[in-house]
Amino acid sequence: MPIMPGHNRALGRAMATIIATTCLWLLLALAGGEAHAQTPTVPAPESAAEEITPLPDPLTREAIRDLVATLPDKDVRTLLIAQLDAAIAKAAEAGAQTSVFGFIRDTAFGIANTAYNAVVRLPRTLEALSTAGNLFQEQRGEGGVLWFFSGFALAIVIGVVAELALGGFARRWRKRITTEVPETFRETIGLLSRRMLLESAGLIAFTIATSIAIPQLMNTVPPAGALNDTTDADFAYLFLFYAIIPTRISLAVTRFLIAPNVPALRLLNCNDRDAKLMHRRQAAVIFLWGFNTAFIFSLTQLNQPMGDLLLGWWFNLAAYLLLFVTVWQARRGLETMMRGFDTELSATELKIARWYPPVSLVLIVINWLIVESIVVAGRFDLLDGRQNVTLLLLLYAPMFDAAIRGLARTLAPSTCGAGEVARAAHKAAIGGYIRIGRVLVFGFIVLFTAWLWKIDLSNVAAAGVGQRAAAGTIQALLTGAIAYIIWELTSLWINAKLAAERTASATTSEHDDGGEGGGAGGSRLSTVLPLARAAIKIAILVVAVLLALGELGVNIAPLLAGAGIAGLAIGFGAQKLVADVVSGVFFLLDDAFRTGEYLEVAGTFGTVERISIRSIQLRHHEGAVHTIPYGEMQKITNF
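(A) Seen up close, the nonpolar core. Leu268, Trp289, Leu334 and Met337 are the most contacted members of the largest nonpolar core, which has 39 residues in total. Of all the secondary-structure elements, those providing two or more residues to this core are helix H3 (73–120), helix H7 (232–258), helix H8 (272–301), helix H10 (311–329), helix H11 (331–339), helix H12 (347–376) and helix H13 (386–411). No other element matches H12, which puts nine residues into this core. Contact partners of Trp289, with chain neighbours within four places excluded, come to Asn316, Ala319, Tyr320, Leu323, Asn388, Leu391 and Leu392. Counting 27 residues, the second-largest nonpolar core is a separate cluster that includes Ile214, Met218, Ile245 and Phe297.

Encoded structure:
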């Protein structure tokens, strides 16, 4: 099967040029007033000993002739060279300032000219299609053309039969999937996952069977008189892998997310009309993109140059117009989809949902302009579909965020107990799951986009800092992301345990009345976990910072040695603080007191309200709060 040529580095440079020129255009626009306000100066002569005769003021033709007539030849040459150098420098400066504007102007004129030529050359395009068809028929004969389409159709039928056969083997599973009615969101996710797995297996069977059948039913040898080595099987593979397979994958993805025909299985908040509209239109857009790529490349194999044909312009315009109209028609549904099923949204989430449809429209227009700019540059080899995949990924990213929010609120563990503390812990757990999901999705989008465009993130980060520092920067960012996920998971576990312990012992802060005589007090976990959470957070932060510095090339051995020396200095200089901390550790290990218990410490009575790393707070039944360092607690009476 022929593979469309791709120049990945050239494509990366083309994209970088477009972005860089836009930024440079803005900078020049801001600096334009200052640049025009400057007065150009005449550069100094090569020799400091040579003095340039000042020009007459006012500068007229007669004054110039009189000056030249009175100067010796050497002074005339010096003056002429200086003026020419000044003219060259001024022209270079003007060219540098207008090159960006010239690029934008030329690109805009090129896009408009391409559209004009596509309309004007439409009769010529139809004639070229007829020529390509005649050439295709001449090379294969009438029977060969019929066999080509019949063989391709028969290969598709064989693939469908293989898919149905696989479905027959899984008949019981399929029947259970189609008849099962989920009652909870977990059951819905499980049902959708099983359905997606079954559909993916069928698609794999279809692809394998069709790929095997194509070379068996179609010619694998170039026909007589062919201009290249492209065979009938190669043409069939193009349409299979560029148009049919991507379209079916897109249909499977939308069936998983929005379940257009089964509202009960819908993960995103979307009505039936918008779900069916987006399901069908997305498949149509992807089919147009894939068919355009396969068909245009097929025409190039029949000696029809894309630059003169301009047929791809019509396919591309139809696909982007269809996508634009779909987003416009479903704009209210997309906003509702972004809001999700939850009514408690932050102001930022509401703004994102409100701006998602118009931003999507802008992204569609920008992507179309980028594609047309590549066409104007004549780099048809760069149009291999990656820009379209990137656009769809950007359009889907907010939907992924809405799905993450729904999954987090549904799959998060139920509230551990009752009371304000339990509800706050449950809300914090949902927020933690959402943040973890966003970090994972954002990382996936960045890595997948870099892989798609064959971009080395180290090379991107190396601009101005060097390859080694760039690689270290990427590793440091990954280390920070992993450390953040570890901290979130640890915090989720500790918060859940803390809420359960406090609820079970009924010692939440709102229930602490400080009554005389004390009470049962909190559990040992509810006493130790807050301190453990702070210690784990500090440990994760310190380890992550040290690892990140090590990835950046910083020698952390002196830092560790310095930290040890500083620790010794602090230990000697703050012995009382160290004594307080160490005493507190042993008090907690001995389980001498817990939060909520009534204590007497050296004549001071009160309920344990707060435990920190160096002191304890006791609230007297009359309202006073006593803070006592652990080092001063020689004897404790627990009531």
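Text resumes after the structure shown.
(B) Fine view of empty space enclosed by the protein. Under the defined criterion, the tally for this structure stands at four cavities of 30 Å³ or more. In this model, the second largest cavity occupies a volume close to 270 Å³. Going through the elements one at a time, H7, H8, H10, H11, H12 and H13 are the ones with two or more residues in the lining of the second largest cavity. Ranked by the residues each element gives to the lining of the second largest cavity, the list is headed by H13, at four residues.

(C) Geometry of the packing of aromatic side chains. Across all of its chains, the model carries 15 aromatic pairs by this definition. Ring centres of Phe291 and Phe295 lie 5.5 Å apart, and the angle between their planes is 10°; this geometry places the pair in the stacked category. Placement of both Phe291 and Phe295 in helix H8 is noted, with a separation of four residues, approximately one turn of the helix. On the basis of relative accessibility, which here comes to 23%, the residue Phe291 falls in the partly exposed class. Across the ring face of Phe206, the terminal group of Arg248 is positioned such that the distance to the ring centre comes to 5.2 Å.

(D) Region of interest: the sheet that holds strand E4 (residues 625–629). A sheet is described by the order of its strands in space; here five strands give the open sequence E4-E3-E2-E1-E5, paired in antiparallel fashion. Single-partner strands in this sheet number two, and they are E4 and strand E5 (636–638). Looking at each pair of strands side by side, their axes are set apart by 40° on average, direction ignored.

(E) Region of the structure containing the pattern of salt bridges. Applying the stated rule across the entire model yields nine salt bridges. Put simply, Asp274 and Arg273 hold a salt bridge, and the shortest N to O gap is 2.4 Å. A residue is classified by how much of its surface remains accessible, and Asp274, at 3% relative accessible area, is buried.

(F) Spotlight on the packing of helix H4 (residues 122–169) against H7. Taken N-terminus to C-terminus, the directions of H4 and H7 make an angle of 40°; their axes are 10 Å apart at the nearest point. Considering their axes alone, H4 and H7 lie oblique with respect to each other. For the crossing formed where H4 meets H7, the hand is right-handed. Between H4 and H7, the contacting residues are Phe136, Arg140, Phe148, Phe152, Ile156 and Glu163 on the first element and Asp232, Phe235, Ala236, Phe239, Leu240, Ile244 and Arg248 on the second. When the residues that make up the contact of H4 with H7 are grouped by side-chain class, the tally is nine nonpolar, no polar and four charged.

What counts, and where the lines are drawn
- Residues numbered from 1 in each chain as written.
- Predicted model: local features only at pLDDT ≥ 70, side-chain atom pairs only at ≥ 80, totals over all residues.
- Heavy atoms only, no water.
- Core = buried A, V, L, I, M, F, W, Y, C linked by side-chain atoms within 4.5 Å.
- Buried < 20%, exposed > 50% of the residue type's maximum accessible area, 1.4 Å probe, protein only.
- Helix = DSSP H or I, 4+ residues; strand = E, 2+ residues; numbered from the N terminus.
- Contact = heavy atoms within 4.5 Å.
- 1 Å grid on protein atoms, 1.4 Å probe; cavity = no way out; pocket = protein on both sides within 12 Å on 5 of 7 lines; lining within 4 Å.
- Points joined across faces, edges and corners; volume = space filled by probe spheres on them.
- Phe/Tyr/Trp six-rings, centres within 6.5 Å; stacked < 30°, edge-to-face > 60°.
- Lys NZ or Arg CZ within 6 Å of the ring centre and 35° of its normal.
- Pairing = 2+ DSSP bridges.
- Axes fitted to C-alpha atoms, helices over the stretch in contact; angles between N-to-C directions.
- Salt bridge = Lys/Arg side-chain N within 4 Å of Asp/Glu carboxyl O.
- Parallel < 35°, antiparallel > 145°, perpendicular 65-115°, else oblique.
- Left-handed = near helix turned anticlockwise from the far one by under 90°.
- Nonpolar A, V, L, I, M, F, W, Y, C, P; charged D, E, K, R; others polar.

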